[in-house]
Amino acid sequence: VVAEASHYDVILLQELFIMRLGFHLIVDQVIHLQKELVQRGFTYHTDIAYNVPHILGQSAGVAVFSRWPIVDCEHATFNKRSLKDSLNAKGFVRATVQMPSGQTLDVFSTHMDSVRHGDVRLSQFDQIGDAVRLLRNNERLVVAGDFNIQRKSLNRAKEYKHLEEKLYPLNDLFPEQDCDHVFVSNVAEKGGKLDIKEYGTLDFHTPDGLRVSDHHGLEVIIEASS
């Protein structure tokens, strides 16, 4: 996975969980990944340990790594969580990335509740939607991650509609994905500032042929206009 990073300028990650068990932190794999990405040129990144619990539980596990300077960032833990995810401090991180042109791109990386019933997720949709609306410049904006929701699921179709409304006028490039989505603002074909050149899914395997994750990676190639 790290080897593939050389193809990109900005990476949004989820499930970089740091677990705390009293005085003990389980963090070795996350630190290893961070070092590997920095060595490959991703010298700018958000704080991977911003909301590690004080006694027991795990962090949000969301982060942004960038080859370009991160000039501003915001971290948030969701106000409402299900009992199932009560020890998991899920939330989102926003990073404002300054591109070589001098323009900025705001990116959100998020991981939402996995509970079957959606009241908790609806609250989380509201919270991230409020954060998006507070941005002064939303012409170049990407909101992506594991939303734990799929449009094609009958029992979650209303939830997905709620998410779309909260992030409007952003467009989901992967509406048919099971959990993971990428919402992009003002695409060029609609007169906006972001030109989507290419997008698709990635499936990583170990040298032994085993899948690295039960999720596909999502790839988006964007050109930003002035």
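The structure reproduced in this document is the subject of the present report. (Residues numbered from 1 in each chain as written. Predicted model: local features only at pLDDT ≥ 70, side-chain atom pairs only at ≥ 80, totals over all residues. Heavy atoms only, no water.)

## Overview of the overall build of the chain
When its secondary structure is counted, the chain shows 3 helices and 14 strands. The C-alpha atoms of the chain give 17 Å as radius of gyration, which agrees with the globular expectation for 226 residues (17 Å, within 12%). Counting all 226 residues of the chain, 46% fall into the buried class. Within the chain, contacts between residues separated by at least 24 positions form 65% of all contacts whose residues are at least 6 apart in sequence. Accessible surface, the chain as shown: approximately 12,000 Å² in total, 51% of it carbon and sulfur. With 24 positive and 31 negative side-chain charges, the chain shows a spacing of 5 Å between the two charge centroids. (Helix = DSSP H or I, 4+ residues; strand = E, 2+ residues; numbered from the N terminus. Rg over C-alpha atoms; globule rule 2.2 N^0.38 Å. Buried < 20%, exposed > 50% of the residue type's maximum accessible area, 1.4 Å probe, protein only. Contact = heavy atoms within 4.5 Å. Areas by Shrake-Rupley, 256 points an atom, 1.4 Å probe, with all protein chains shown as cover. Lys, Arg positive; Asp, Glu negative; His and termini not counted. Charge placed at Lys NZ, Arg CZ, Asp CG, Glu CD.)

## Some details on the packing of helix H2 (residues 119-133) against helix H3 (residues 157-167)
Between H2 and H3, the least distance of the axes is 8 Å, while the angle of their chain directions is 15°. One finds that H2 runs roughly parallel with respect to H3. H3 is crossed by H2, and the crossing has right-handed handedness. Only Glu159, His162, Leu163, Lys166 and Leu167 of H3 make contact with H2, whose side of the interface consists of Arg121, Leu122, Phe125, Asp126, Ile128, Gly129, Val132 and Arg133. Grouping the constituent residues of the contact of H2 with H3 by class yields 6 nonpolar, 2 polar and 5 charged. (Axes fitted to C-alpha atoms, helices over the stretch in contact; angles between N-to-C directions. Parallel < 35°, antiparallel > 145°, perpendicular 65-115°, else oblique. Left-handed = near helix turned anticlockwise from the far one by under 90°. Nonpolar A, V, L, I, M, F, W, Y, C, P; charged D, E, K, R; others polar.)

## Regarding the pairing of strand E6 (residues 63-66)
Neither face of E6 is exposed, since Ala63 and Phe65 on one face and Val64 and Ser66 on the opposite face are all buried. Where strand E1 (residues 10-13) meets E6, 4 bridges bridge the pair, whose relative direction is antiparallel. By the bridge assignment for E6, valine 10 is matched with serine 66. With 2 bridges connecting them, strand E4 (residues 44-45) and E6 associate as antiparallel partners. (Pairing = 2+ DSSP bridges.)

## Regarding the sheet that holds strand E8 (residues 91-98)
In space, the 6 strands of this open sheet follow the order E7-E8-E9-E10-E12-E11, with mixed pairing throughout. Of all the strands in the sheet, just strand E7 (70-77) and strand E11 (171-172) have a single pairing partner and so form its edges. Along the sheet, H2 makes contact with E7, E8, strand E9 (104-111) and strand E10 (141-146), crossing E9 at roughly 170°. Sitting on the sheet, H3 is in contact with E10, E11 and strand E12 (180-184), with an inclination near 25° to E12.

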